[in-house]
Every structure is written in C-alpha cells, then in structure tokens.
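Below, each chain spelled out in residue letters.
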Amino acid sequence: MSDLAQRDTTVAIIGAGPSGLTLANLLRTAGIGCVVLERRSREYVEQRQRAGVLEHRAVRMFEEWGLADRVLRDSRVDGVQEFRVDGEPRFLPIAELAGGRFGRILPQQFLVQRLIGAFLENGGDLRFGCADVALDGLDTDRPAVTYRDGAGAAHRIVADYVAGCDGFHGVSRPAIPEDARTVYTYDHGIGWFTVLADVPPPRHPTFAVSEHGFAAHFPRGPRSSRFYLQCAPGEDLGAWTDERIFEQLRRRIGDPDLPVGAVLEKAVVDMRSFVVDPMSYGRLFLVGDAAHIITPMGGKGMNLALADAEVLARAVRSAVRDGDQRPLRDYSRVCLDRTWSYQEYSRWMTEMLHDSGDPATSGPFRHRIARARLNRLFTSANAGGLFAELMAGEA
Ligand code: RFL
C-alpha cells in the first residue's frame, strides 16, 4: 500500500483531454485519489473538435467501468463503412465482418464534456488554467508536479505516480531524459486539408477514391460533417476558398448534389507518425498523444489514448490495492504493442487509399497494387474481415 499520508494524491494527472479525463474517471470509480491539472479553460477544452469515432474496445471499457450511460448516451452506432470508388458506392459491413463488434460515433468534444461532468459530479478534483506545469523527482518515490494557478499562486502536488496526459506538445515527455527514450518518427509525405462544416452527416462514414485524389466524409454531430481532402504537405490554407472546397468535394466524392454549408474550421494536417519508447520513466507514465501520434487515417488517435488510460488505471489499481507492481512495469510494453499494430493499420490504409487515386501521383505500378488491395476487401472475406476487425478495434 502506498503511504498516502506523505502525499497529496495518488496520481497527479497532467492534461484534461480524452486520455487524462478517462484515466481520472476510471481511478475515481476505483476509489483511487487523483488530481487533474489542465492548462486551458474548461470552455476551451469542451469546445475542441477533433476525433469522432469510438471503437468497440472503448465502448466495452465505458460499459465495464459503469460509465456508459453517462458517456455514450445518444452516440450513434455505425456498423457500415462506405467506399466511394470513382463515384460508385461500395459498402463494407464492419460489424458483421468483425463478429458483431462495432464502434459508436461520438464527437470528441461531447466525450470530453461528459467526462468532465461525470468526474466533477463524482467529487473529482479538476483544476483548469494551470500555468507553468513542471515535473520533478520522477525517478524517486515522491514525484511532484508544480504549477501556478490563475491568480499566479504557486502550488506543488506530491503524488505516488504522475500521468502525462498532456498531448503531443505537453511538458511530460520532455521531462524524460533524452538518453532514456527512443523516438520513432515517420513523415508520410501527404497532407490532409481538413474542414469542419455545417453539412448534414453522410449516411455512413465515407472514404472516396478517384483520380481527383482522396477525400473522406464523416459525421460530427447531427448537423455537422468533417471532411478530409488529400493535399500537398504544408499546403497554403489561403488556396482553399469555400467554393474550391465544395467543388473538390463534389468531384472527389462523386456527388454533384453534396450540400454546401458554413465552413466552421479548416486546417492542413501533415500526415505523420510519432512513437516514444518506453512510455514510462520512473514514476511517470505517458498516456495518449503525449507518447504517440498517428495519422487521422483509421481514426485511432483518440482510441489509443483511451486504451492507454485503461491499461494505466488497471495497473495503478493493482499497485495500490494489491501491492502488485508488475502491471505498471508492463504498462509501456502493453501499450506499445497496440500502438504499433495501429500504426501499421493506419499506414496500410494510407497507402491503399492514396495510391488508389491519381496514378500520376502514385505511379502506375503502385496505383494498380493499391486498387488490387482495395478490391480484395470486397472479394475476400478474410481480407475484409481483417480490415473490419482492426477498424472496430480489439474485443
Ligand atoms: P489531447 O487531446 O491533446 O489533450 C491533452 C490535454 O493536455 C493539455 N495540456 C496541458 N495541461 C497542463 N499543462 C501543460 N503544459 C499542458 N500541455 C497540454 C491540453 O490543453 C489538452 O487539454 O491528448 P489526449 O488526451 O492524449 O487525446 C488524444 C486525442 O485528442 C487525439 O489522439 C485525437 O484527437 C486524434 N484525432 C483523431 N483520433 C481518432 O481516434 N479519430 C479521429 O477521427 C481523429 N481525428 C484527430 C482527428 C486529431 C486532429 N488534430 C489534432 C490534428 C482530427 C484532427 C483534426
């Protein structure tokens, strides 16, 4: 058992994104103390729109931890993935091919809002507007996190463990000495122009492949859609007027009647991958984007973050409740196994769906290989099944 009297809390969690909030809720459910320190305001994190699909594993997790009613309410179920190939629709019944497993559509900001609500209602300690967060003593048995609150007052929290859930640009990962971590990065050489718009969601999440380039159309709430359009890495946003966005979407999706709607947000995302190994150092555990980022292709970034959070919550519970430190020692290996599997899935899809587009971009050989791979999803139950299994996420 940990010597709580000497400490302020069991787990100091840095960051109130999907990973930090999930970890906080699971620990709270397990009766383990934690404090969450977030740099931004509550309003800011509750409005941040990013991911939108919860895989089957995440749904199972919220059900098992008794949070499903609160978190998953009204989330749309979608068991079908549409591929629009040269304007022709083809459907992959993901739930059927994956043995009844399927995800839910739940925009990330709703997930975050609900996790904040559940944690606070349960008496959780969540502090917004924390500036200058810094970590120390990570390789001792009294790690601490310091910060300044909104009024400028300095605070220090001593914990048993520190969870770095502060995303890719956070302070946790750099707190690990450089010689104690190996970093893997990969630039996929592709840009995605991403648009959030007031356009009715598609019937099914749709990937569109054609000589005009890749595009995707995903639901984001009852009236909004997120679109992705393949573009050059680092492409100038100014080159994309609203008129060009919808002209390109109609052409690439092969739907001349796609409605035009207000563009709420646009950005260029360079497709890149990043993994740090190990995901822990002393009593610090990195969770989610702090440890790895993955291209948006395949929709696994948020899901990896939630999976890490559950592995860590279980491991801390074993350490605190049973004095068993092994799951904490295994944390990094367990999470990295899943991370690399999903990186492979995301890379596989990226190649298949981009090389299938304009042969002038991919070259005629890679173009035909990619088309064969795509076609096989519909002609081979095994190929379709593997794709569906990875898309739905593990059991
Ligand atoms: P987050 O969400 O970045 O949260 C980190 C939190 O830490 C705070 N923070 C700090 N707090 C205190 N002190 C500091 N020094 C701090 N520095 C940072 C931040 O304010 C923030 O609140 O990381 P987390 O929790 O690991 O969650 C990861 C997910 O957000 C991310 O993987 C996904 O959004 C990725 N992603 C997608 N994932 C999917 O599963 N499916 C998708 O369809 C999907 N689409 C996307 C995406 C990411 C996108 N962006 C960011 C390029 C679409 C987009 C456009």
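Residues numbered from 1 in each chain as written. Predicted model: local features only at pLDDT ≥ 70, side-chain atom pairs only at ≥ 80, totals over all residues. Heavy atoms only, no water.

1. Comments concerning the layout of surface pockets
Stage number 1. The calculated volume of the second largest pocket comes to roughly 260 Å³.
Stage number 2. His188, Gly189, Ile190, Asp355 and Arg366 are, among the 14 residues lining the second largest pocket, the residues nearest its centre.
Stage number 3. The biggest single contributor to the lining of the second largest pocket is helix α9 (residues 326-355), with 5 residues.
Stage number 4. Residue composition of the lining of the second largest pocket, by class: 2 nonpolar, 7 polar and 5 charged. (1 Å grid on protein atoms, 1.4 Å probe; cavity = no way out; pocket = protein on both sides within 12 Å on 5 of 7 lines; lining within 4 Å. Points joined across faces, edges and corners; volume = space filled by probe spheres on them. Helix = DSSP H or I, 4+ residues; strand = E, 2+ residues; numbered from the N terminus. Nonpolar A, V, L, I, M, F, W, Y, C, P; charged D, E, K, R; others polar.)

2. Quick word on the packing of aromatic side chains
Stage number 1. Across all of its chains, the model carries 16 aromatic pairs by this definition.
Stage number 2. Seen from their ring centres, Trp192 and Phe214 are 5.4 Å apart, and the 15 degrees between their planes marks the pair as stacked. Of the two residues, Trp192 sits in strand β12 (residues 182-197) while Phe214 sits in the loop between β13 (206-209) and β14 (215-219), which places them 22 residues apart along the sequence.
Stage number 3. A relative accessible area of 1% places Trp192 in the buried class. (Phe/Tyr/Trp six-rings, centres within 6.5 Å; stacked < 30°, edge-to-face > 60°. Buried < 20%, exposed > 50% of the residue type's maximum accessible area, 1.4 Å probe, protein only.)

3. Considering the site of the ligand
Stage number 1. Around the ligand, the structure places 33 residues, and the nearest of them are Ser19, Glu38, Arg48, Asp289 and Met302.
Stage number 2. Arg220 is positioned such that a nitrogen or oxygen atom in its side chain is 3.4 Å from an oxygen atom of the ligand.
Stage number 3. About the coverage of the ligand: the protein hides 88% of its 1000 Å² of free accessible area.
Stage number 4. When residues of the shell around the ligand are traced back to their parent elements, those giving at least two are α1 (18-29) and α8 (301-322).
Stage number 5. Residue composition of the shell around the ligand, by class: 13 nonpolar, 11 polar and 9 charged. (Near = heavy atom within 4 Å. Polar contact = N/O pair within 3.5 Å; in protein donor to acceptor, adjacent residues only side chain to side chain. Areas by Shrake-Rupley, 256 points an atom, 1.4 Å probe, with all protein chains shown as cover.)

4. Concerning the confidence of the model for the chain
Stage number 1. Here the chain shows a mean pLDDT of 94. Residues at 70 or above account for 98%.
Stage number 2. Long-range and interchain partners of residues 1-5, a stretch whose pLDDT sits below 50, account for 7 contacts in this model, where long-range means more than four residues apart. (pLDDT = per-residue confidence, 0-100. Contact = heavy atoms within 4.5 Å.)

5. Some remarks on unusual backbone geometry
Stage number 1. Cis rather than trans, the peptide bond between Asp277 and Pro278 has omega equal to 0 degrees.
Stage number 2. On the secondary structure map, Pro278 appears in the loop between β16 (263-277) and β17 (280-281).
Stage number 3. One non-glycine residue with positive phi stands out, namely Asp74, at about 65 degrees.
Stage number 4. Positionally, Asp74 belongs in the loop between α4 (68-71) and β4 (76-78).
Stage number 5. Even without being glycine, Asp86 reaches a positive phi, approximately 50 degrees.
Stage number 6. Tracing the sequence through the fold places Asp86 in the loop between β5 (80-85) and β6 (88-93).

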